[in-house]
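Architecture at a glance
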Protein chains: 2
Amino acid sequence: MNSGPQSVFRALADPTRRQILLHLAKENMAIADIADRFDITRTAINKHLTILEEGGLIKSEVSGRERRNSLTPEPLKSAFEWLGYFENFWDVKLSDLQREIAKDMKEKKETDQ
Amino acid sequence: MNSGPQSVFRALADPTRRQILLHLAKENMAIADIADRFDITRTAINKHLTILEEGGLIKSEVSGRERRNSLTPEPLKSAFEWLGYFENFWDVKLSDLQREIAKDMKEKKETDQ
DNA sequence: TTAACATGACACCTTTTGGTTTCATTTCAA
DNA sequence: TTGAAATGAAACCAAAAGGTGTCATGTTAA
């Protein structure tokens, strides 16, 4: 449950883990339910779940002999915001000139503060 | 230069690479310039740059004996959008509020007519 | 009460990662 | 023109990642 940018981006680096997040966005699932949707062993899924939990992206609670996993998407927001920093770079379709302009405007904004 | 979600998220997984992106967002730099800003060898930096390039996040062109690296942020947009899918999960309250506001404005507009 | 279920806990394996050192090659500048 | 600068390239290494299989333990349902 660190949820710093590192543990979040690390959790997102694996395609299986990203798919697990998408599944959990639709419904909460027990470990075996998740494993059924992939071609790898339950043990491997379990390791992925641990890494997702370390990133704070999911939480799980025991219910009888099951462990229900659910999405806790708040840390995704920080990754989203990290990427949002670059929004000014990609949304203008940048020539080098335009990039210079964007940079100048950003610098001006900073000195205004 | 694959720039699929996998190569992008993979490139973002390492903290050094994320920092390199932030540096290149400020200014284009040669390899040695980048290496000066970290405590690891130029060779290691070079490997990171290769991975960033595979993700389509940077491009580099030779200029004399230097290789200038620059940000090509478009692929970051796809990662941003992937995360945006979860926006409704982390900001449920906000989106509800926005929906209310939108509704109110629409109603107001209708009464204005 | 017992067999099937769901998971936890290990031990083990291979490949990838992130890093190093060393040496060669190209280019610039005094 | 010649040495320093910038990079390319290769060999090597330890640790982490992503898997597997096996066995033990608590739970549930017939």
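Everything numeric here is computed off the predicted structure, so don't read it as measured data.

Rules behind the numbers
Residues numbered from 1 in each chain as written. Chains lettered and ligands numbered in written order. Predicted model: local features only at pLDDT ≥ 70, side-chain atom pairs only at ≥ 80, totals over all residues. Heavy atoms only, no water. Pairing = 2+ DSSP bridges. Helix = DSSP H or I, 4+ residues; strand = E, 2+ residues; numbered from the N terminus. Core = buried A, V, L, I, M, F, W, Y, C linked by side-chain atoms within 4.5 Å. Buried < 20%, exposed > 50% of the residue type's maximum accessible area, 1.4 Å probe, protein only. Contact = heavy atoms within 4.5 Å. Least-squares fit on C-alpha atoms with pLDDT ≥ 70 in both. Near = heavy atom within 4 Å. Polar contact = N/O pair within 3.5 Å; in protein donor to acceptor, adjacent residues only side chain to side chain. pLDDT = per-residue confidence, 0-100. Axes fitted to C-alpha atoms, helices over the stretch in contact; angles between N-to-C directions.

Residue and element names in this part refer to chain A. Spatially, β1-β3-β2 is the arrangement adopted by the three strands of the open sheet, whose pairing is antiparallel. Strands with a single pairing partner mark the edges of an open sheet, and in this sheet they are β1 (29-30) and β2 (58-63). Direction of pairing for β2 relative to strand β3 (residues 66-71): antiparallel, over a ladder of six bridges. Counted as the bridge partner of Ile58 is Leu71 from β3.

Before going further, it helps to spend a moment on the nonpolar core. As a rule of thumb, soluble globular proteins bury nonpolar side chains together. Judged by nonpolar contacts, the single largest core of 55 residues is most densely connected at Leu12(A), Leu21(A), Phe86(A), Leu12(B) and Leu21(B). The residues contacting Leu12(A), other than those within four sequence positions of it, are Arg18(A), Leu21(A), Leu57(A), Leu76(A), Ala79(A), Phe9(B), Trp82(B) and Leu83(B).

Let us now look at the environment of Ala13(B). Mapping Ala13(B) onto the fold places it in the loop between α1 (5-12) and α2 (15-26). Looking at Ala13(B), the relative accessible area reads 14%, which means it is buried.

Placing chain B over chain A gives an RMSD of 0.1 Å and needs a rotation angle of 180°, together with 0.0 Å of translation along the axis. The transformation relating the two chain copies, once decomposed into turn and shift, fits a two-fold axis. Taken as a fraction of all interface residues of chain B, those also at the interface in chain A reach 93%, which identifies the copy contact as same-surface.

Turning our eyes to something else, we now look at the protein's contact with DNA strand D. Near DNA strand D, the surroundings consist of 20 residues, among which Thr41(A), Lys47(A), His48(A), Ala32(B) and Arg67(B) are the closest. Counting only atoms of DNA strand D within 4 Å of the protein, the sugar-phosphate share comes to 68%. Between DNA strand D and His48(A), the relevant distance is 2.5 Å, taken from a phosphate oxygen to a side-chain nitrogen or oxygen of the residue. Side-chain polar atom of Arg65(B) to a sugar or linking oxygen of DNA strand D: 3.3 Å apart, as the coordinates give it.

A few words on the protein's contact with DNA strand C. Among the 21 residues in the neighbourhood of DNA strand C, the closest are listed as Ala32(A), Arg67(A), Thr41(B), Lys47(B) and His48(B). Taking all atoms of DNA strand C within 4 Å of the protein, the share assigned to sugar and phosphate is 65%. Backbone polar atom of Ala32(A) to a phosphate oxygen of DNA strand C: 2.7 Å apart, as the coordinates give it. Take Thr41(B): an N or O atom from its side chain is 2.4 Å from a phosphate oxygen of DNA strand C. Sorting the residues of the surface near DNA strand C by element identifies α3 (31-36), α4 (42-54) and β3 of chain A together with α4 (42-54) of chain B as the ones contributing at least two each.

Time to look at the confidence of the model for chain A. With 80% of its residues at a pLDDT of 70 or more, chain A shows a mean pLDDT of 87. Low pLDDT, under 50, characterises residues 107-113 of chain A; the stretch is placed with zero contacts to residues that sit more than four places away or in other chains.

Right, let's talk about the sheet that holds strand β1 (residues 29-30) of chain B for a bit. All names here are of chain B. In space, the three strands of this open sheet follow the order β1-β3-β2, with antiparallel pairing throughout. Strands at the two margins of the open sheet, each flanked by one partner only, are β1 and β2 (58-63). Sheet analysis places β1 next to strand β3 (residues 66-71), joined by two bridges and oriented antiparallel. In the sheet register, Met29 faces β3, and the bridge partner there is Asn69. In the packing of α2 onto the sheet, contacts are made with β1, β2 and β3, and the angle to β3 comes to roughly 95°. Sheet strands touched by α4: β2 and β3. Its angle to β2, the strand with the most contacts, is close to 120°.

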